[in-house]
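# Summary of the model geometry
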Amino acid sequence: MKKTLYVLLLLLVLPLPALSQQSEALSAAEGMLQQGVQGFKPIQGLPALTVKTNADGDQEYTVTLQILFLMTALTFLPAILMMMTSFTRIIIVFAILRQALGLQQSPSNQILIGLSLFLSFFIMSPVLTEVNENALQPYINEQISAQDALENTKRPFHKFMLSNTRESDLDLFFQIGRIEAVQDASEIPFSVLTPAFITSELKTAFQIGFIIFIPFLVIDIVVASVLMAMGMMMLSPLIISLPFKIMLFVLVDGWGLIIGTLAASFGI
């Protein structure tokens with residue numbers, strides 16, 4: 001029993017010097033930290049959320065707010081690409097073409113979307129060039145403010161959308177929204193122009209798709225009539241007509257005709 005108590009006492013007494021050394025080191029570190037804090041001068045924060053009013057009455061936001069607005073606008077980039085450019089008309093025409101040919105998976109959706117994207121960039125190149133020259137580059141060189149850059153960006157898109165929008169669609173959305181008619185076409189708000197532009201694009205795309213569908217429909221009718229006259233009613237006409245439709249599409253250079261027609265429909 002005495003030996004056990006002696007061992008426990010040794011275990012309790014031996015770590016005491018180490019603990020005392022650790023406490024002395026901690027106290028020294030705290031003293032150095034306090035001396036450093038007393039001699040440290042805090043850096044003043046940047047004005048993150050401020051709005052500056054210029055002499056002409058315009059308001060200019062800080063860079064932090066501009067970056068916040070830019071990142072928020074990037075979330076609407078897919079909607080802007082689909083609803084304010086030529087992408088909608090092109091992808092619908094390509095989808096109708098694939099259905100008219102009777103091909104379900106070829107070309108694939110990825111190929112059609114990629115082709116539509118690059119064709120949209122080609123058709124929208126004059127608009128993008130104007131935006132780059134009048135809005136992006138002057139803003140990067142600090143020649144214009146952020147609001148002026150935004151206005152210079154909206155103007156080319158407004159002109160492009162207006163030139164491809166029917167007046168009947170514009171009148172429809174003016175009546176639905178109970179908005180008074182404007183005297184100048186450049187004063188039409190985007191809240192009216194955007195849905196009218198989308199409606200016009202859908203109408204134009206289906207008109208082009210109807211014209212594309214007719215020759216392939218004729219081939220299907222002829223093949224179905226021949227098979228029925230031969231008594232081969234159990235054989236699907238699509239299996240026989242598909243090679244003829246592909247051959248006709250290749251012989252007339254179908255891709256070139258359709259892409260050229262789509263570009264010409266936008267005035268390219």
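Presented here is an overview of the structure given in this document. Model, not experiment: these values are computed from the prediction. (Residues numbered from 1 in each chain as written. Predicted model: local features only at pLDDT ≥ 70, side-chain atom pairs only at ≥ 80, totals over all residues. Heavy atoms only, no water.)

## Some details on unusual backbone geometry
The phi dihedral of R178 is positive, around 55°, even though this residue is not glycine. By secondary structure assignment, the location of R178 is in the loop between helix 9 (167-176) and helix 10 (190-229). (Helix = DSSP H or I, 4+ residues; strand = E, 2+ residues; numbered from the N terminus.)

## Focus: helix 5 (residues 87-101)
With 15 residues, helix 5 ought to run about 21 Å at 1.5 Å a step, and its terminal C-alpha atoms sit 21 Å apart, in line with that. Against helix 4 (77-83), helix 6 (109-123), helix 10, helix 11 (237-251) and helix 12 (254-265) lie the buried residues of helix 5. Looking one or two residues beyond helix 5, the residue adopting positive phi is G102, at roughly 85°. (Expected span 1.5 Å × (residues − 1). Contact = heavy atoms within 4.5 Å.)

## Quick word on the packing of helix 6 against helix 12
Where helix 6 contacts helix 12, the axes come no closer than 11 Å and their chain directions differ by 45°. Taken as axis vectors, helix 6 and helix 12 run oblique relative to one another. The handedness of the crossing between helix 6 and helix 12 comes out as right-handed. Seen from helix 6, the contacting residues are L115, L119 and I123; seen from helix 12, they are W255, I259, L262 and A263. Its residues assigned to classes, the contact of helix 6 with helix 12 shows seven nonpolar, no polar and no charged. (Axes fitted to C-alpha atoms, helices over the stretch in contact; angles between N-to-C directions. Parallel < 35°, antiparallel > 145°, perpendicular 65-115°, else oblique. Left-handed = near helix turned anticlockwise from the far one by under 90°. Nonpolar A, V, L, I, M, F, W, Y, C, P; charged D, E, K, R; others polar.)

## As for the packing of helix 10 against helix 11
In contact at an axis separation of 9 Å, helix 10 and helix 11 are set at 140° when each is read in the N-to-C sense. Comparing the axis directions of helix 10 and helix 11 gives the class oblique. Where helix 10 crosses over helix 11, the handedness of that crossing is right-handed. Contacts between helix 10 and helix 11 involve F216, I219, D220, V223, A224 and L227 from the former and P237, L238, I240, S241, F244, K245, L248 and F249 from the latter. Across the contact of helix 10 with helix 11, the residue classes tally to eleven nonpolar, one polar and two charged.

All quantities given are derived from atomic positions and should not be read as evidence of function.
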